[in-house]
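Close look at the chain arrangement
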Amino acid sequence: MTPTFLLSPATAMMLALIAPISPGDQPPLPPRATELGSRSQRAVGTATALATIEPTVPAFVNAITVFAYADGIVYHAYTTPGRVTDIMLQPGEVLGSVASGDTARWIIGDTTSGTGDAKRAHVLVKPFSVGLTTNLVITTDRRTYHVLLTSSAASPMAALSWSYPADEMIALKRAEETKAAAAPVASGLDVDTLWFDYVITGDRPAWRPTRAFDDGRQTFIEFPVSLGVGEAPPLFSIGTEGKAELVNYRIRGHFYVVDRLLDVAELRLGTKKQVIVRIARVDPAASRRGRK
């Protein structure tokens with residue numbers, strides 16, 4: 001006779017908890033979790049679709065599609081079997097790596113053209129058949145490109161490249177700064193009205209002004225050419241009672257330009273151990289009396 005074992009209710013419950021569950025016995029996800037998952041997938045699909053840029057006729061320069069680069073955008077490239085599509089990076093940009101979601105049905109390689117600053121990296125792609133879709137992630141020393149690849153029997157894109165609005169804005173800003181630095185600190189100054197009799201005293205930091213002068217309306221404080229933006233000290237006007245008042249000024253190259261005259265001013269930098277340089281204008285009448 002086979003012996004019979006009686007299990008206590010607690011033991012039976014524990015065995016039920018640790019017993020393996022077959023795939024068919026897996027409990028379904030709660031409706032709330034299923035709904036959230038579907039909503040998240042829809043959000044991913046919508047966001048990706050909105051971030052995907054399609055080629056348009058105005059974007060073509062001859063046979064090259066030129067996209068405006070922006071971080072996080074997916075650029076759609078159309079290919080066809082038997083034809084290579086050339087993905088051209090920015091001149092001077094160094095290719096890091098190329099990753100694809102499907103390396104079995106796509107041929108992906110890279111090469112370069114040009115030399116020196118004009119040297120350019122190219123990523124070359126070709127599908128084995130029509131109806132394929134995959135993606136490329138191209139990393140360089142400057143940025144990351146996301147490309148969606150589609151193969152069809154229609155005309156492929158011969159090549160695609162990018163324009164770089166952010167780089168163009170930086171170059172334009174630098175050109176404007178260079179132009180401003182080369183421009184005279186002030187135009188239309190009458191040499192006969194210039195007054196150079198200023199006394200500079202106090203501490204001797206690297207940014208200590210070399211001189212100060214005015215034209216009867218504006219005050220100009222000249223600093224060493226090496227003055228950096230990070231070390232530019234604020235300017236204070238000192239009243240008759242010794243009260244300091246912050247002065248509005250413009251920086252033109254290595255000059256401070258103040259739209260009024262300053263009898264006594266101070267440049268102050270630092271908190272605990274403050275560096276102070278005083279600039280005092282010598283009164284013209286007193287200066288003439290001193291010369292008699």
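Residues numbered from 1 in each chain as written. Predicted model: local features only at pLDDT ≥ 70, side-chain atom pairs only at ≥ 80, totals over all residues. Heavy atoms only, no water.

**Considering the nonpolar core**
The cut-off we apply is this: We define the nonpolar core as a collection of buried residues of types Ala, Val, Leu, Ile, Met, Phe, Trp, Tyr and Cys that are connected through side-chain atoms lying within 4.5 Å of one another. Each residue gets one of three labels from its accessible area relative to the maximum for its type: buried under 20%, exposed over 50%, partly exposed in between, using a 1.4 Å probe on protein chains only. Labels follow the DSSP assignment, with helices taken as runs of H or I lasting at least four residues and strands as runs of E lasting at least two, numbered in each case from the N terminus. Should any heavy atoms of two residues lie within 4.5 Å, those residues are considered in contact.
Counting residues in each nonpolar core, the largest one holds 20 residues, and the members touching the most others are I87, L136, I138, V147 and W162. For this core, the elements supplying multiple residues, two or more each, are β4 (74-79), β8 (120-127), β9 (133-140), β10 (144-151) and β11 (159-163). Excluding residues that lie within four positions of it along the chain, W162 makes contacts with V66, F67, A68, Y69, Y75, I87, M88, L89, Y145 and V147. Residues I200, L235, L262 and I279 belong to the second largest nonpolar core, which totals 18 residues.

**Comments concerning the pattern of salt bridges**
A pair can form between side chains of opposite charge whenever their charged atoms are brought close. Rules: Whenever Lys or Arg places a side-chain nitrogen within 4 Å of a carboxyl oxygen from Asp or Glu, that contact is recorded as a salt bridge.
Evaluation of the coordinates by the stated rule reveals 9 salt bridges. Two residues, R268 and E266, come together in a salt bridge whose shortest N-O distance is 2.8 Å. Notably, a salt bridge pairs R278 with E266, separated by 2.7 Å at the nearest N-O pair. A residue pair is termed long-range when its members are at least 10 positions apart, and R278 in strand β20 (residues 275-281) and E266 in strand β19 (residues 264-269) qualify at 12 residues. The class of R278 is partly exposed, set by a relative accessible area of 33%.

**Here's the deal with unusual backbone geometry**
One non-glycine residue, N62, lies in positive phi territory at about 55 degrees. When you line up the elements, N62 lands in the loop between β2 (60-61) and β3 (64-68).

**Regarding the sheet that holds β9**
Operational definition: Strands were regarded as paired on the criterion that DSSP finds at least two bridges between them.
The mixed open sheet is built from 5 strands, whose spatial order is β1-β4-β10-β9-β6. Single-partner strands in this sheet number two, and they are β1 (52-53) and β6 (95-100).

**Describing the sheet that holds strand β15 (residues 235-238)**
Here is the rule we go by: Between N-to-C directions, angles cover 0 to 180 degrees, with each direction set by a line fitted to C-alpha atoms, over the stretch in contact for helices.
Taken in spatial order, the 5 strands make up an open sheet running β12-β20-β19-β15-β16, and their pairing is antiparallel. At either end of the open sheet lies a strand with only one pairing partner, and these are β12 (198-202) and β16 (244-246). In this sheet, neighbouring strand axes are inclined to one another by 30 degrees on average, regardless of whether the strands run parallel or antiparallel. Pairing of β15 with β16 involves 3 bridges; the strand directions are antiparallel. Among the inter-strand pairings, S237 is bridged to a residue of β16, identified as E245.

**Concerning the environment of L235**
Along the chain, L235 turns up in strand β15. Residues L235 and A265 lie 30 residues apart in sequence; the distance between their C-alpha atoms is 6.9 Å. Residue contacts for L235: discarding those within four places in its chain leaves I221, E245, L246, V247, Y249, Y256, V258, L262, A265, E266 and L267.

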